[in-house]
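Breakdown of the fold
Spelled out, the chains give:
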Amino acid sequence: DIDLVGHVRRVSTRFLERFEALSDHPLVADVRGIGLFCGFQLMADKKERKPFDPAMKVGVRVQDAAHQRGLYLRSIPPDRISFMPPLIIEENEIDEALDIFKNALDAAWDEIS
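Residues numbered from 1 in each chain as written. Predicted model: local features only at pLDDT ≥ 70, side-chain atom pairs only at ≥ 80, totals over all residues. Heavy atoms only, no water.

Another aspect to go through is the overall build of the protein chain. Within the protein chain, the regular secondary structure consists of three helices and four strands. Ordered by position from the N terminus, the helices and strands of the protein chain form the series α-β-β-α-β-β-α. Counting only residues that meet the buried cut, the protein chain has 41% of its 113 residues in that class. Considering only contacts in the protein chain between residues 6 or more positions apart, those separated by 24 or more positions represent 53%. (Helix = DSSP H or I, 4+ residues; strand = E, 2+ residues; numbered from the N terminus. Buried < 20%, exposed > 50% of the residue type's maximum accessible area, 1.4 Å probe, protein only. Contact = heavy atoms within 4.5 Å.)

Structure, rendered in structure tokens:
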């Protein structure tokens, strides 16, 4: 048996710290999370809070790049990303998910920049 609540409390710290570190990425304007839920807002200019042209579908680009790499997350218009892994995720899987997500962000950035 696993103490699921205790497990989530333990791994969520690493989860949120690792994903909040992505706020430095040129696409990421905002990162918010609680427990094992994390959301990202993508913007063309994060300092000016200028969104991307919706026709660019940047969130969908990131979502598709993540899916191609085996990470399943959801794009929410306009250009938001929602990620909520299984509650039984382990720390090494958090690290793997972070690496995949960063690669997906980089791939989308390469397409639009």
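On to the nonpolar core. Phe19, Phe40, Leu42, Val62 and Phe101 are the most contacted members of the largest nonpolar core, which totals 32 residues. Those elements that place two or more of their residues in this core are helix H1 (4-20), strand S1 (28-34), strand S2 (37-42), helix H2 (58-68), strand S4 (80-83) and helix H3 (91-112). It is H3 that contributes the most residues to this core, nine residues altogether. Filtering out sequence-adjacent residues up to four positions away, Val62 remains in contact with Leu27, Leu42, Ile81, Phe101, Ala104, Leu105 and Ala108. (Core = buried A, V, L, I, M, F, W, Y, C linked by side-chain atoms within 4.5 Å.)

On to H1. For H1, spanning 17 residues, the distance from its first C-alpha to its last is 23 Å, which sits close to the expected 24 Å at 1.5 Å a residue. Where H1 is concerned, the buried positions are His7, Val8, Val11, Ser12, Phe15, Leu16 and Phe19. Against S1, S2, S4 and H3 lie the buried residues of H1. (Expected span 1.5 Å × (residues − 1).)

In this section: the packing of H2 against H3. Where H2 contacts H3, the axes come no closer than 8 Å and their chain directions differ by 130°. The angle between H2 and H3 places the two elements in the oblique class. Of the two possible hands of crossing, H2 and H3 adopt the one that is right-handed. Residues Val58, Arg61, Val62, Ala65 and Ala66 of H2 form the contact with H3, whose participating residues are Ile100, Phe101, Ala104, Leu105, Ala107, Ala108, Glu111 and Ile112. Among the residues forming the contact of H2 with H3, the class breakdown is eleven nonpolar, no polar and two charged. (Axes fitted to C-alpha atoms, helices over the stretch in contact; angles between N-to-C directions. Parallel < 35°, antiparallel > 145°, perpendicular 65-115°, else oblique. Left-handed = near helix turned anticlockwise from the far one by under 90°. Nonpolar A, V, L, I, M, F, W, Y, C, P; charged D, E, K, R; others polar.)

Moving on, we come to the pairing of S4. If a strand is regular, its side chains alternate between the two faces of the sheet. With four bridges joining them, S2 and S4 adopt antiparallel strand pairing. Looking at S4, one finds that Cys38 is bridged to Phe83. When strand S3 (residues 74-76) meets S4, the two strands line up antiparallel, connected through three bridges. Residue pairing in the sheet places Ser75 in a bridge with Ile81 of S4. Between S3 and S4, which pair antiparallel one after the other, the connecting turn spans three residues, and Asp79 there sits at a positive phi close to 55°. (Pairing = 2+ DSSP bridges.)

Here the focus is the confidence of the model for the protein chain. Looking at the protein chain as a whole, its pLDDT mean stands at 95, while 99% of the residues score no less than 70. Across the protein chain, H2 holds the top mean pLDDT of 98, while H1 sits lowest at 94. (pLDDT = per-residue confidence, 0-100.)

A word on a nonpolar patch on the surface. A grouping of Ile2, Leu4, Leu87 and Ile88 is seen on the molecular surface, where their side chains present a nonpolar patch of about 360 Å² in accessible area. Looking at the element boundaries, Ile88 is found in the loop between S4 and H3. (Patch = residues over 30% accessible without salt bridge, like charges linked within 9 Å, V, L, I, M, F, W, Y side chains within 5 Å. Areas by Shrake-Rupley, 256 points an atom, 1.4 Å probe, with all protein chains shown as cover. Salt bridge = Lys/Arg side-chain N within 4 Å of Asp/Glu carboxyl O.)

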